[in-house]
Every structure is written in C-alpha cells, then in structure tokens.
Amino acid sequence: ERRLEPGSNVRKAWEALMEEARGCTRCDLYKCGTQTVFGEGPLDATILFVGEQPGDQEDLAGRPFVGPAGQLFDASLQAAGIDRSTTYVTNAVKHFKFEQRGKKRIHSKPNGYEVDACRWWQEQERGLIKPPLTVALGATAARSLTGKTVTISKVRGSPLALADGSECWVTVHPSFLLRIPEEDRRHDERARFVEDLKQIRTRA
Ligand code: URA
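Sequence order sets the numbering: in each chain, residues are counted from 1 along the sequence as written. Predicted model: local features are reported for residues with pLDDT of at least 70 only, side-chain atom pairs are reported and counted for 80 or more only, and whole-chain, interface and lining totals are derived from all residues.

In the nomenclature of an unreviewed UniProt entry, the protein is known as Type-4 uracil-DNA glycosylase of Sphingomonas piscis.

K.L.:
Can you lay out the site of the ligand for me, pointing to particular residues and giving the numbers?
P.N.:
Whether a residue is near a molecule or strand depends on its C-beta atom, generated from backbone atoms, being within 6 Å of that molecule or strand. Close contacts around the ligand come from 13 residues, with G51, E52, G55, P64 and A69 the closest. In this classification, Asp, Glu, Lys and Arg are treated as charged, Ala, Val, Leu, Ile, Met, Phe, Trp, Tyr, Cys and Pro as nonpolar, and every other residue, Gly included, as polar. Split into classes, the residues belonging to the shell around the ligand amount to 4 nonpolar, 7 polar and 2 charged.

K.L.:
Describe unusual backbone geometry, and please don't skip the residues or the numbers.
P.N.:
A negative phi angle characterises most non-glycine residues, just as the trans form characterises most peptide bonds. The backbone of F65 shows a phi angle near 50°, a positive value even though the residue is not glycine. Summarising the element assignment, F65 is placed in the loop between α2 (56–61) and α3 (68–80). The class of F65 is buried, set by 26 C-beta atoms lying within 10 Å. For K130, which is not glycine, the phi dihedral falls at a positive 50°. Looking at the element boundaries, K130 is found in the loop between α4 (112–129) and β5 (133–137). Only DSSP runs of H or I reaching four residues or more are called helices, and only runs of E reaching two or more are called strands; each is numbered from the N terminus. Residues with at least 20 other C-beta atoms within 10 Å of their own are called buried, those with 12 or fewer are called exposed, and the rest are partly exposed. The C-beta atoms themselves are positioned from the backbone.

K.L.:
Let's hear about the UniProt feature "domain: Uracil-DNA glycosylase-like" (unreviewed entry) in the protein: which residues, and what values?
P.N.:
UniProt positions are given in the numbering used here, feature names are shortened, and annotations may be inferred rather than shown by experiment. Sites flagged by UniProt as "domain: Uracil-DNA glycosylase-like" (unreviewed entry) map to residues 38–198. When the span residues 38–198 is considered, its composition is 44% helix and 18% strand, and the gap between its end C-alpha atoms is 26 Å.

K.L.:
Got a sec to walk through the packing of α3 against helix α8 (residues 183–203)? Specific residues and values, please.
P.N.:
In the contact formed by α3 and α8, the axes pass within 8 Å of each other and the chain directions differ by 55°. In terms of their interaxial angle, α3 and α8 are classed as oblique. In terms of crossing hand, the pair formed by α3 and α8 is right-handed. Residues S76, L77, A79 and A80 of α3 form the contact with α8, whose participating residues are R190, F193, V194, L197, K198 and R201. In this analysis an axis means a line fitted to C-alpha atoms, helices contributing only their contacting stretch, and an angle means the value between N-to-C directions, from 0 to 180 degrees. Oblique is the label for any angle not covered by the other classes, which are roughly parallel (under 35 degrees), roughly antiparallel (over 145) and roughly perpendicular (65 to 115). What makes a crossing left-handed is the near helix being turned counterclockwise from the far one by less than a right angle; a clockwise turn instead makes it right-handed. Whether two residues are in contact is decided by their C-beta atoms, placed from the backbone, lying within 7 Å.

K.L.:
Break down the environment of R185 for me, citing the residues and quoting the values.
P.N.:
Structurally, R185 can be placed in helix α8. In this structure R185 comes out as exposed when scored by C-beta crowding, with 11 C-beta atoms within 10 Å. Note: C-alpha distance between R185 and R201 (16 residues apart in sequence) is 24 Å.

K.L.:
So what about the sheet that holds β5? Which residues, and what values?
P.N.:
Adjacent strands of a sheet form backbone hydrogen bonds with each other and so pair up, either parallel or antiparallel. For two strands to be treated as a pair, DSSP must find no fewer than two bridges joining them. The sheet built from 5 strands is open, its strands ordered β2-β1-β5-β7-β6 with mixed pairing. A single partner strand is all that each edge strand has here, and the edge strands are β2 (88–91) and β6 (160–161). Packing against the sheet, α8 makes contact with β1 (47–51), β5 and β7 (167–171), and its axis sits at approximately 170° to β7.

K.L.:
Residue-level account of the pairing of β7, with values.
P.N.:
Of all 5 residues that make up β7, 4 are buried, and the element is covered over most of its length. Note: β5 against β7, 5 bridges, orientation parallel. Residue pairing across strands places L137 opposite T171, the latter belonging to β7. Pairing between β6 and β7: 2 bridges, direction antiparallel. Bridging from a neighbouring strand, A161 pairs with E167 of β7. Taking the residues between adjacent antiparallel strands as the criterion, β6 and β7 are bridged by 5 residues, where G165 takes a positive phi near 90°.

So this is what it looks like as structure tokens:
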C-alpha cells in the first residue's frame, strides 16, 4: 500500500522529482520559459490529466491550467461532476514555448523532439501516482502517453491501454474549444467534451 502523508516515500520521491525538474535541460525549452511547470494534485489521484504545455499564465504562475484554457477546463470538470482537487494535472511538455510578438508571448506548438525529450517526466509522475485512468487532452498529450501519432476522432470515447495496463482516454484540448469561432459549434463541442469527462468519471 502506498503511504502518501508528508514524509511518505512516494511524496518524498515526488518532491525530489519536482526539484530535479526545475533544472531540466533535456531540450532547449528551458531557455525559453520562465520556469518549469510541474504537475500538481494528490499523489493518490485516480484520474491524471495530461495537457500539452504551459501557456503564458501558467509559465508566470508556475502551475498548470490556470489561464483561459484552465478556466474552461475547470468549468467543464465541474459540469461533469469531477472535483479538480481530487485529480492530478500535468503537461506533456513542462516549459512554455512561445514567439515574442510585440509585448505578447504567442504559444507555439512543441515539436516531436521536445515532446519525446519531456516524456521522461510524465512517465516518472505516472510511475509514482499509478493512476488507473489517464486522460490525454489533445494530440500532443496522446503522443506523449502512447508514443504514437493519434487521431483524436478515431480513438475518442473508448480507452486505449497504456504499457502498464492502465486506461488512457483521449479527448480534445480545452484550447481547441476556445478557438472555435462559430458559437453553435463551440457550444456543441464543449458539451461533447463534458460528456467525455462524465464518461471518464464513471470509470474512476
Ligand atoms: N494548455 C495546456 O496544455 N496546459 C496548460 O497548463 C495550460 C494550457
């Protein structure tokens, strides 16, 4: 049985891992972002969410999913009856990659090399937490978790098996939902995301 109180081995290992991640130079993105944004949440979480990479606000706050995508994520979790504080939330890539345009820092997508370089951290996090359910938010997370290029529309709605035998559910990324221009479609896609989360909740 895992013991997760302060001073437990799992917690100590997680704290050491987070500390080590602060100094990560596995790829060049450490030169880009302000800080490493590590995962957060209870170490006995039964659902572990993996996003793509921190955005502008996450990079400044040092916490995952706190900006606009995070707000939509929170609202969707709530609508699905999932309490975020019981879940562990992390990203496939732990540094913010961006292009400077004037004063704005515009998100740029991590490439395959960066996703592969950063996978080690996600695997360590999952190795300590051992979640029965992992949720890939978008294609980058799905690639990090499965090692393959995944078409979301093909795998959505039924779980994939990860190497450790646990379930991986793939759904859309909240940022995709924010970018849909047509209101009707945006509404429908958000509702579908909530339905995915509800289905995931029933498995936890
Ligand atoms: N998008 C992500 O994938 N992760 C975050 O933490 C924020 C936005």
